[in-house]
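Close look at the chain arrangement
Here is what each chain is made of, one letter per residue.
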Amino acid sequence: MVYPKLSGEEITRRGKKHYENLRTQIETAENIGKIISINVETGDYEIGDDLLITSRRLQAKQSDAPIWAGRIGFNAVYAIGGTLMRTE
């Protein structure tokens, strides 16, 4: 069994930091609402319409990649019983 190298909290912290550094490049009209998956160790990222596909693309490059994902321009990837909020 493979154990994660980073805690969930550390993956979230690093993922959000990478996202903020990329924000001006990725928050374009064509990308708003798409999924971004980020390898928090390398900073590599994939953008697409499907969370599993973007994550698997990163895992093809590094099988044990610690991945953080978000919806570009929104506060969450999915909303259950609520609505996604657009970020500023």
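Before reading further, recall that the structure is shown in the block above.
Residues numbered from 1 in each chain as written. Predicted model: local features only at pLDDT ≥ 70, side-chain atom pairs only at ≥ 80, totals over all residues. Heavy atoms only, no water.

1. Looking at the overall build of the protein
Check the secondary structure of the protein and you find 2 helices and 3 strands. Each helix and strand of the protein, placed in order from N terminus to C terminus, yields the pattern α-β-β-α-β. Its C-alpha radius of gyration of 13 Å places the protein within 12% of the 12 Å reference for a compact globule of 88 residues. Projected onto the principal axes, the alpha-carbon positions of the protein cover approximately 35 × 30 × 20 Å. Just so you have it, the protein exposes about 5800 Å², and 52% of that area is on carbon and sulfur atoms. (Helix = DSSP H or I, 4+ residues; strand = E, 2+ residues; numbered from the N terminus. Rg over C-alpha atoms; globule rule 2.2 N^0.38 Å. Areas by Shrake-Rupley, 256 points an atom, 1.4 Å probe, with all protein chains shown as cover.)

2. A few points about helix α1 (residues 8–26)
At Glu 20, α1 shows its largest bend, some 40°. Those residues of α1 that sit buried are Ile 11, Gly 15, Tyr 19, Leu 22, Arg 23 and Ile 26. Buried-residue contacts for α1 involve β1 (35–39), β2 (45–48) and β3 (67–71). (Bend = angle between axes of the 7 residues up to and from the residue. Buried < 20%, exposed > 50% of the residue type's maximum accessible area, 1.4 Å probe, protein only. Contact = heavy atoms within 4.5 Å.)

3. Comments concerning the pairing of β2
Residues Glu 46 and Gly 48 point to one face of β2 and are all buried, whereas Tyr 45 and Ile 47, pointing to the other face, are not buried. Bridge count between β1 and β2: 4 bridges; the pairing is antiparallel. Residue pairing across strands places Ser 37 opposite Glu 46, the latter belonging to β2. Linking two consecutive strands that pair antiparallel, namely β1 and β2, is a turn of 5 residues; a positive phi of about 85° is found at Gly 43 within it. (Pairing = 2+ DSSP bridges.)

4. Observations regarding the nonpolar core
Residues Leu 6, Ile 11, Tyr 19, Leu 22, Ile 26, Ile 36, Ile 38, Val 40, Trp 68 and Ile 72 constitute the largest nonpolar core, which totals 10 residues. Breaking this core down by element, the ones donating at least two residues are α1 and β1. The element best represented in this core is α1, accounting for 4 residues. Dropping the residues within four chain positions of it, Leu 22 is found in contact with Ile 36, Ile 38 and Tyr 45. (Core = buried A, V, L, I, M, F, W, Y, C linked by side-chain atoms within 4.5 Å.)

5. Digging into the pattern of salt bridges
Under the definition given, this model contains 8 salt bridges. Salt-bridge contacts for Lys 5 lead to Glu 41; the nearest nitrogen and oxygen are separated by 3.3 Å. Of this pair, Lys 5 sits in the segment before α1 while Glu 41 sits in the loop between β1 and β2, placing them 36 residues apart in sequence. Note that Arg 57 is salt-bridged to Glu 46, the shortest N-O span being 3.5 Å. Placement of the pair is Arg 57 in helix α2 (residues 51–61) and Glu 46 in strand β2, with a sequence separation of 11 residues. (Salt bridge = Lys/Arg side-chain N within 4 Å of Asp/Glu carboxyl O.)

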